[in-house]
Amino acid sequence: MSRQRRYDASYKSLFHSPLMVQHLIRCFCPDPVLYAIDFSTLAPLPNELITKALGKRHTDCVWQVQTHTGQRMCVLIEFQRTPHPHMALRTCVYSGLLYETLLAHRLIPSEQSLWPPVLCIVLYHGDRHWHASTRLHDRIWRPQRGLLTPAMLQHRHLLLDINRDVPHNISDLNNLVTILMRF
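This is a predicted model, so every value here is computed, not measured. (Residues numbered from 1 in each chain as written. Predicted model: local features only at pLDDT ≥ 70, side-chain atom pairs only at ≥ 80, totals over all residues. Heavy atoms only, no water.)

A. Quick look at the overall build of the protein chain. Scanning the protein chain from terminus to terminus reveals five helices and seven strands. For the protein chain, the N- to C-terminal ordering of α and β elements is α-α-α-β-β-β-β-β-α-β-β-α. For the protein chain, the residues scored as buried account for 40% of the 183 residues in total. Long-range pairs, those at least 24 residues apart, make up 63% of the contacts in the protein chain with a sequence separation of at least 6. (Helix = DSSP H or I, 4+ residues; strand = E, 2+ residues; numbered from the N terminus. Buried < 20%, exposed > 50% of the residue type's maximum accessible area, 1.4 Å probe, protein only. Contact = heavy atoms within 4.5 Å.)

B. Seen up close, the sheet that holds strand β6 (residues 118-124). If you walk across this open sheet you meet the five strands as β1-β4-β5-β6-β7, and the pairing is mixed. Of all strands in the sheet, those bounded by a partner on one side alone are β1 (37-44) and β7 (158-161). Mean inter-strand twist for the sheet, computed between neighbouring axes without regard to direction, equals 25 degrees. Pairing analysis gives six bridges linking strand β4 (residues 61-67) to strand β5 (residues 72-80), with the strands arranged antiparallel. Note that in β5 the partner of Q66 across the bridge is R72. Sheet strands touched by helix α2 (residues 18-28): β1, β4, β5, β6 and β7. Its angle to β1, the strand with the most contacts, is close to 135 degrees. Packing against the sheet, helix α4 (residues 87-104) makes contact with β4, β5 and β6, and its axis sits at approximately 140 degrees to β5. (Pairing = 2+ DSSP bridges. Axes fitted to C-alpha atoms, helices over the stretch in contact; angles between N-to-C directions.)

C. Seen up close, the packing of aromatic side chains. Considering all chains together, one arrives at three aromatic pairs under this definition. Taking the centre distance of 5.5 Å and the plane angle of 35 degrees together, the rings of F15 and F79 count as tilted. Pair noted here: F15 is in the loop between α1 (3-14) and α2 and F79 is in strand β5, with a separation of 64 residues, a long-range link. Neither F15 nor F79 differs from the other in exposure class; each is buried. Measuring from ring centre to ring centre gives 5.1 Å for Y99 and W115, while their planes differ by 40 degrees; the resulting arrangement is tilted. Remark: W115 occurs in the loop between α4 and β6 and Y99 occurs in helix α4; sequence separation between them is 16 residues. (Phe/Tyr/Trp six-rings, centres within 6.5 Å; stacked < 30°, edge-to-face > 60°.)

D. Structural detail: α4. Taking 1.5 Å per residue as the helical rise, α4 with its 18 residues ought to reach 26 Å, and the 25 Å between its terminal C-alpha atoms agrees with that figure. By the burial criterion, the buried members of α4 are M87, A88, R90, T91, C92, Y94, S95, L97, L98, Y99, T101 and L102. In this structure, the buried residues of α4 make contact with β2 (48-50), β3 (56-58), β4, β5 and β6. After α4 finishes, the residue R106 shows a positive phi value of roughly 55 degrees. (Expected span 1.5 Å × (residues − 1).)

Any link to function would need more than the numbers given here.
Structure, rendered in structure tokens:
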């Protein structure tokens with residue numbers, strides 16, 4: 001097994017636990033919307049995404065969770081040891097395939113007007129500095145007058161650099177992710 005796959009396997013194993021996912025979100029995501037999450041509802045979703053042409057793509061971890069008001073959302077987590085210049089495209093594709101999978105398995109009704117949002121988190125644990133954009137539209141040429149801007153994809157993932165991003169509560173030894181970061 002390659003070194004990259006060993007690292008991915010260890011992170012997949014760690015974040016197979018709802019408690020680790022909860023601590024990851026609490027550690028790195030101070031957004032008020034995320035404070036509304038009812039972490040007792042965290043449930044894994046299949047990480048195998050099937051394309052309409054029956055191709056398979058695998059994400060590292062996918063979870064669904066509800067807010068305290070009953071709204072659902074999905075959390076897609078990717079683990080990276082090396083910077084990837086096209087990660088924004090990859091997480092965008094995974095998000096689209098996740099919606100197709102949820103529709104195909106009737107986990108969201110096709111007639112439902114609003115689908116659950118997908119929070120894409122890239123947990124980067126490499127040595128080099130990450131230079132790639134986290135926004136897909138940064139990779140797309142835009143005409144000078146912005147005529148196509150409203151029609152462009154606006155996907156973005158949240159990059160968490162475990163070696164450089166110091167969360168606001170790094171001294172919190174009750175948070176498993178902060179303990180992991182201290183190692």
